[in-house]
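# A look at the structure
Residues per chain are reported as follows:
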Amino acid sequence: MTTVSAKPAGQRLRADAERNRARIITAAREAIVEHGAEAPLDEIARRAGVGNATLYRNFSDRRELLHHVTLSVLTRVLEHAEAGLAEPDAFEGLSRFTHAAADERIGALCPMVSDHIDHDDPELERALLQLKAAAAELIARAHASGKLRADVGVGDYFLGVTQLTRPLPGTGCLDLDQFVHRHLQVFLDGLRAPATSALPGRAASFEDLKRAD
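In this text, all values refer to a predicted model and were calculated from it rather than measured experimentally.

### Some points on the overall build of the chain
The helix and strand tally for the chain stands at 9 helices and 0 strands. Listing the helices and strands of the chain from first to last along the sequence gives α-α-α-α-α-α-α-α-α. Across the 213 residues in the chain, those meeting the buried criterion constitute 39%. Contacts spanning at least 24 positions in sequence make up 75% of the contacts within the chain whose residues lie at least 6 apart. When the accessible area of the chain is evaluated, it comes to approximately 12200 Å², of which 54% is carbon and sulfur surface.

See the structure below:
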């Protein structure tokens, strides 16, 4: 008779540590969406179901935790962009990406990305470049299909998405969640060609969205 042996203790410990780490990152993202980048670390540990010692064993300080939260969000949003690019209908792919990015709370996390991370970190820089390239391709495909109005640039698109998914000052950040996808659909309908009006000024680019130092 074949006996199935249990996993070695070392493997179980590594798996537990990876699950704890993933829970901390998820909890930190949720807390940051609600309370901003200064969300209490004790609250993050509580949400993750771990002790403070476990949190600090995985992340030495707030800055390191924010780094990994940002990297996690960028990675997930990139995966959604790649799924959008796989859609046969280019505008449907852009729409799918738009709603998925909103579910990742990209607008609420945008201030953290802007103000609390090291913009020279090679890992984050690589993730941002990959996401920008995928997003630019989504926009280019939608333009080429003739379904995205020609006077909308990639910067215009991202400004719209981030503003529509960012909590309004003075409101409970979760109170308006039920309306986000509704308003995003209105936004997407406004992006469709043929345009019903001329946009003032010029199209925004990624360069226009860079944080001024």
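### Structural notes on unusual backbone geometry
Following Ala-193, the chain continues to Pro-194 via a peptide bond in cis, the omega torsion being 0°. Tracing the backbone through its elements, the reader meets Pro-194 in the segment after helix H9 (177–191). The residue Arg-105 is not glycine, and still its phi comes out positive at about 60°. Of note, Arg-105 is situated in the loop between helix H5 (90–103) and helix H6 (106–115).

### Section: the nonpolar core
Within the largest apolar cluster, 50 residues are counted, with the highest numbers of intra-cluster contacts made by Ile-24, Ile-44, Leu-65, Phe-97, Tyr-157 and Leu-191. A total of 9 residues in this core trace back to one element, the largest contributor, which is helix H4 (residues 62–85). Setting aside residues no more than four positions away along its own chain, Leu-65 makes contact with Ile-24, Ala-28, Leu-41, Ile-44 and Phe-59.

### Observations concerning H4
For H4, which comprises 24 residues, the first-to-last C-alpha distance of 35 Å matches the rise-based estimate of 34 Å (1.5 Å per residue) to within 8%. Put simply, Asp-61 is the residue that caps the front of H4, since its side-chain oxygen is 3.3 Å from the backbone nitrogen of Arg-63.

### Comments concerning the packing of aromatic side chains
Scanning the model with the defined rule gives 5 aromatic pairs in all. We note Lys-132 situated over the ring of Phe-206; from NZ or CZ to the ring centre the distance is 5.5 Å.

### Focus on the side chain of Glu-87
Mapped onto the secondary structure, Glu-87 falls in the loop between H4 and H5. In contact with Glu-87, not counting residues within four places along its chain, are Glu-92, Gly-93, Arg-96 and Arg-141.

### Structural notes on the packing of H4 against H5
Across the interface, H4 lies against H5 with an axial gap of 8 Å and an inter-helix angle of 160°. Between H4 and H5, the angle falls in the class roughly antiparallel. At the point where H4 passes H5, the crossing takes the right-handed sense. Counting all contacts with H4, which are made through Val-77, His-80, Ala-81, Ala-83 and Gly-84, the residues of H5 involved are Gly-93, Arg-96, Phe-97, Ala-100 and Ala-101.

### Some words on the packing of H5 against helix H7 (residues 122–144)
Between H5 and H7, the least distance of the axes is 8 Å, while the angle of their chain directions is 140°. The angle between the axes of H5 and H7 places the two elements in the oblique class. As for the relative orientation of H5 and H7, their crossing is left-handed in sense. Along the contact surface, H5 presents Ala-90, Gly-93, Leu-94 and Phe-97, while H7 presents Leu-131, Leu-138, Ile-139, Arg-141 and Ala-142. In terms of residue class, the contact of H5 with H7 is made up of 7 nonpolar, 1 polar and 1 charged.

### So, the environment of His-67
Here His-67 lies in helix H4. Residue class for His-67 comes out buried when judged on its relative accessible area of 15%. When residues no more than four places from it in sequence are discounted, the contact partners of His-67 are Asp-121, Glu-123 and Leu-124. One polar contact links His-67 to Glu-123, side chain to side chain, over a distance of 3.2 Å.

### Remarks on the pattern of salt bridges
Here the structure, examined in full by the defined rule, presents 11 salt bridges. Across the pair Glu-34 and Arg-47 runs a salt bridge whose closest N-O atoms are separated by 3.1 Å. Taken as a pair, Glu-34 in helix H1 (residues 9–35) and Arg-47 in helix H2 (residues 41–48) lie far apart in primary sequence, 13 residues in all. Taking relative accessible area as the criterion, Arg-47 reaches 27% and is therefore assigned partly exposed. For Arg-76, the salt bridge is made with Glu-104, and the minimal N-O distance between the two is 2.8 Å. Placement of Arg-76 in helix H4 and of Glu-104 in the loop between H5 and H6 is noted, with a sequence separation of 28 residues between them. On the accessibility criterion, Glu-104 (3% relative accessible area) is buried.

About the cut-offs
Residues numbered from 1 in each chain as written. Predicted model: local features only at pLDDT ≥ 70, side-chain atom pairs only at ≥ 80, totals over all residues. Heavy atoms only, no water. Helix = DSSP H or I, 4+ residues; strand = E, 2+ residues; numbered from the N terminus. Buried < 20%, exposed > 50% of the residue type's maximum accessible area, 1.4 Å probe, protein only. Contact = heavy atoms within 4.5 Å. Areas by Shrake-Rupley, 256 points an atom, 1.4 Å probe, with all protein chains shown as cover. Core = buried A, V, L, I, M, F, W, Y, C linked by side-chain atoms within 4.5 Å. Expected span 1.5 Å × (residues − 1). Polar contact = N/O pair within 3.5 Å; in protein donor to acceptor, adjacent residues only side chain to side chain. Phe/Tyr/Trp six-rings, centres within 6.5 Å; stacked < 30°, edge-to-face > 60°. Lys NZ or Arg CZ within 6 Å of the ring centre and 35° of its normal. Axes fitted to C-alpha atoms, helices over the stretch in contact; angles between N-to-C directions. Parallel < 35°, antiparallel > 145°, perpendicular 65-115°, else oblique. Left-handed = near helix turned anticlockwise from the far one by under 90°. Nonpolar A, V, L, I, M, F, W, Y, C, P; charged D, E, K, R; others polar. Salt bridge = Lys/Arg side-chain N within 4 Å of Asp/Glu carboxyl O.

In short, the description is geometric, and any link to function would need to be established separately.
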